[in-house]
Amino acid sequence: MQIVVDLNRCQSYAQCAFLAPQVFELHGEEALMYTPAVPDDQGERVRRAAAACPVQAILVGERAGARVR
Amino acid sequence: MSGERRDGRIVIVGASLAGLRAAETLREEGFGGTLTLVGDEPRPPYDRPPLSKQVLLGRVRAQDVGLPGRRDVDARWRLGVAAVGLDPIGKQVLLADGERLPFDRLLIATGTRARPWPNPEEAALDGVMTLRTADDAARLAERLDAGPRRVLVIGAGFTGSEIASACRERGFEVTVAERGPSPLVGALGGALGALAATVQRAHGVDLRCGVTVTSLRGRDGRLIGAEFSDGSRIEADIAVVALGAVRNTEWLADAGLAAGPRGVACDAGCRAFNMYGIVTDDVFVAGDVARFPHPLFEYQILALEHWGNAVAQAEVAAHNMVSPGPCRRPHLTVPAFWSSQFGLNIKSVGVPTFSDQVVVAQGSLRERRLVAVYGYRGRVTAAVGVNRAKWLGYYQGLIETAAPFPPRPGAADPPASGVPVPSDVPSPQTLSHGPTVALTGHVPDRRLTLVRHD
């Protein structure tokens, strides 16, 4: 599982940082830092975080182009 | 929707953020023909913003920043091979390995690359680096893991400042050299540039403004230090060249398009112009390599090196590639970007360089928590928030509606003074780094060659 956060959209509500603290954290007062390659055991938490994001800034998916032909 | 535009062959040159999102949008909108993505890097699309932040801090590996897909794009991927030419009459893209890719419609999304250090011998010294690709970031992160004695960052734009921030956070000595009067001044103007300088120095950066690096010194092929235009010198084992970006348009030299060092010019619907200023209908442009007229900024031709612009413009370009004329959309998105550095979250909407005045509308420079609003001839054209992300949506509304400048005081967090001052945006020519937002309407350094018969 791979994620990207639209940080133009992010307003630092930090719901993700509560729901999946190993993947999302606030760096300083309100800059979001996250781990784009989600560890296997964090998938469910990340899905919950994406659903809870008040501005829907988190895109969850499989790595694009991974099955390149 | 007419059937013919949903079929045929589409080639996308550039397999990064814009190329990927365009491919997904094409399929989303029902394109059923063959789709080919060409990328000069061997990696599938990845996200660049973390490279100067999480990756340099050692929290994320450079190979782990791949972009998630929104959907399957059912495409043929030609990765690790650059496009080297475009035949606009035969409608073919020529690849470096000799393959020719015929197309019915083409999307140019070749982006930019890091501007190299101008002296090739010095640039080849071990320890002299740039930061643009995942490979660049992996190399730099590895060097940082080894514990450098001092890192020299040349150019204090966003990339250079973020590199300096990561290095200081890891405890490395950092010197930043910037030809302009302060960091970030080219993008944000004088007031926030002065704040950036104060913040960098407070975080222990040896910040040197108004100087240039006159030479990088090496011994046995390794970087050992640098000399500055004021006669001073430092020792350093890493120098990161952060002089801005060069647009990847060389491969279009013989394509007859309005393509050059400032990008590929296109109309509001992302259709490329040819060299005579006539719009094409089969060649589209998106992302960092595009320059396009924006109605909110007096139809100035803008070139935006922004993540959000790559996504939004790719979506519009893809939509227009499969839609008949009356159903096409203009690319009107308000420009926006973010940067995090030295504990500050900096977010911008609009075009701060398109301004004559600026006012601190909320908060204060002293608290390092504020919204600065920019105006041009009495209307709001941009806003920059420092640790005030939640307010920017409001100011975006003011920009979209051409609200009067200075804006009326907000309900929360009123400023101490509220008096507009000159926005003090310098000419990009006085800076070390290239601008990430370029107002490119007038191009005095290029002359049109009308007749080219080979």
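Nothing here was measured: the structure is a model prediction, and the numbers come from that model. Note on numbering: residues in each chain are counted from 1, in written sequence order. Ligands are numbered from 1 and chains lettered from A, in the order in which they are written. In keeping with the model being predicted, local features are shown solely for residues with a pLDDT of at least 70 and side-chain atom pairs are shown and tallied solely at 80 or more, while totals for entire chains, interfaces and linings include all residues.

*Asks:* I tried to follow the overall build of chain B on my own but got confused; where do I start?
*Replies:* Labels follow the DSSP assignment, with helices taken as runs of H or I lasting at least four residues and strands as runs of E lasting at least two, numbered in each case from the N terminus. Check the secondary structure of chain B and you find nine helices and 30 strands. The C-alpha radius of gyration of chain B comes to 22 Å, within 12% of the 22 Å expected for a compact globule of 454 residues. Projected onto the principal axes, the alpha-carbon positions of chain B cover approximately 60 × 60 × 45 Å. Residues with at least 20 neighbouring C-beta atoms inside 10 Å of their own are called buried, those with 12 or fewer are called exposed, and the rest are partly exposed, where every C-beta is derived from the backbone. For chain B, the residues scored as buried account for 53% of the 454 residues in total. Distance between backbone-placed C-beta atoms decides contact: two residues are in contact if it is within 7 Å. Long-range pairs, those at least 24 residues apart, make up 66% of the contacts in chain B with a sequence separation of at least 6. Throughout, radius of gyration means the C-alpha value; the globule benchmark is 2.2 Å times the number of residues raised to the power 0.38.

*Asks:* What's the story with the domain arrangement of chain B in this structure? I'm lost.
*Replies:* Many descriptions give the size of an interface as the accessible area lost when the pieces come together. Residues and elements named next belong to chain B. Once the domains are mapped, chain B shows domain 1 (3-55 + 65-113 + 246-327), domain 2 (114-244) and domain 3 (336-426). These domain limits were set by an automatic method or by a database of domain assignments. A C-alpha centroid distance of 32 Å is found between domain 1 and domain 3. The interface is formed by eight residues belonging to domain 1 together with seven residues belonging to domain 3. Elements with a contribution of two residues or more to the side of domain 1 that touches domain 3: β23 (300-304) and α8 (307-321). As a working rule, the residues Ala, Val, Leu, Ile, Met, Phe, Trp, Tyr, Cys and Pro are called nonpolar, Asp, Glu, Lys and Arg charged, and the rest polar, with Gly in that last group. Of the residues that constitute the side of domain 1 that touches domain 3, the class distribution is four nonpolar, three polar and one charged.

*Asks:* I would appreciate a short explanation of the sheet that holds strand β21 (residues 279-285) of chain B in the present structure.
*Replies:* All names here are of chain B. Spatially, six strands are ordered β3-β2-β1-β7-β21-β20 in an open sheet, and the strand pairing comes out mixed. Each edge of the open sheet carries a strand with a single partner, namely β3 (76-79) and β20 (271-273). Between one strand axis and the next, the sheet turns by 30 degrees as a mean value, whatever way the strands run. One ladder, built from three bridges, connects strand β7 (residues 105-108) with β21; its direction is parallel. Across the sheet, residue Leu 107 finds its bridge partner in β21, namely Phe 284. For helices, the axis comes from a line fit to the C-alpha atoms of the stretch in contact; other axes are also lines fit to C-alpha atoms, and the angle between any two N-to-C directions lies between 0 and 180 degrees. This element, α8, spans β1 (9-13), β7 and β21 of the sheet and lies at about 140 degrees to β21. Strands qualify as paired when DSSP identifies two bridges or more between them.

*Asks:* Can you help me understand the interface of chain B and chain A in this one?
*Replies:* Contacts between the two partners involve 28 residues from chain B, matched on the other side by 27 residues from chain A. Elements that contribute at least two residues to the side of chain B that touches chain A include exactly β3, β24 (336-341) and β25 (344-350) of chain B. For the side of chain B that touches chain A, a count of residues per class yields 14 nonpolar, eight polar and six charged.

*Asks:* I tried to follow the sheet that holds strand β15 (residues 233-235) of chain B on my own but got confused; where do I start?
*Replies:* The pairing of strands in a sheet happens through backbone hydrogen bonds and is either parallel or antiparallel. Residue and element names in this part refer to chain B. Ordered in space as β13-β14-β15, the three strands form an open sheet in which the pairing is antiparallel. Edge strands, defined here as strands with exactly one partner in the open sheet, are β13 (213-219) and β15. Across the sheet, the axes of successive neighbouring strands diverge by a mean angle of 25 degrees, strand direction being ignored. Of the strand pairs in this sheet, β13 and strand β14 (residues 222-228) are connected by six bridges, and their pairing is antiparallel.

*Asks:* Would you take a moment to explain α8(B) for this structure?
*Replies:* Along an α-helix, residues three or four apart share an orientation, since each turn contains 3.6 residues. Here, expected helix span is obtained from the residue count minus one, scaled by 1.5 Å. When the terminal C-alpha atoms of α8(B) are compared, their 21 Å separation across 15 residues agrees well with the 21 Å that a helix rising 1.5 Å per residue should span. Buried residues dominate α8(B), accounting for 15 of its 15 residues.

*Asks:* Help me understand the nonpolar core, please; the structure alone is not making it clear to me.
*Replies:* In globular proteins that are soluble, nonpolar side chains generally tend to be buried together. Residues and elements named next belong to chain B. To form a nonpolar core, buried Ala, Val, Leu, Ile, Met, Phe, Trp, Tyr and Cys residues must be joined through C-beta atoms within 7 Å. Counting residues in hydrophobic clusters, the biggest one holds 165 residues, and the most contacted among them are Val 240, Val 264 and Ala 286. No other element matches α8, which puts nine residues into this core. Those residues in contact with Ala 286 that sit more than four places away from it in its chain are Ala 18, Ala 22, Leu 107, Ala 109, Cys 270, Ala 310, Gln 313, Ala 314 and Ala 317.

*Asks:* Is there a simple way to think about the pairing of β1(B) in this case?
*Replies:* Within a regular beta strand, the side chains point alternately toward one face of the sheet and then the other, so they alternate between its two faces. Residue and element names in this part refer to chain B. Counting buried positions along β1 yields four of five residues, so the element is predominantly enclosed. Bridge count for β1 against strand β2 (residues 34-39) is five bridges, and the pairing is parallel. Across the sheet, residue Ile 10 finds its bridge partner in β2, namely Leu 35. Crossover handedness is defined here as right-handed if the route from the first strand over the helix to the second strand goes clockwise, with the strands pointing away from the viewer. Where the polypeptide runs from β1 across helix α2 (residues 17-28) and back to β2, its parallel neighbour, the crossover connection is right-handed.

*Asks:* In this structure, what is going on with unusual backbone geometry? I would like to understand it.
*Replies:* Trans is the common state for peptide bonds, and a negative phi is the common state for residues other than glycine. The omega angle of the peptide bond from Phe405(B) to Pro406(B) is -5 degrees, so this bond is cis rather than trans. Residue position: Pro406(B) is located in the loop between α9 (392-400) and β29 (421-422). In this model, Ser12(A) sits at a positive phi of 60 degrees, which is unusual for a non-glycine residue. By secondary structure assignment, the location of Ser12(A) is in the loop between β1 (2-5) and α1 (15-19). By C-beta crowding, Ser12(A) is classed as buried, having 21 other C-beta atoms within 10 Å. Phi at Phe342(B) is positive, roughly 50 degrees, even though this residue is not glycine. On the secondary structure map, Phe342(B) appears in the loop between β24 and β25.

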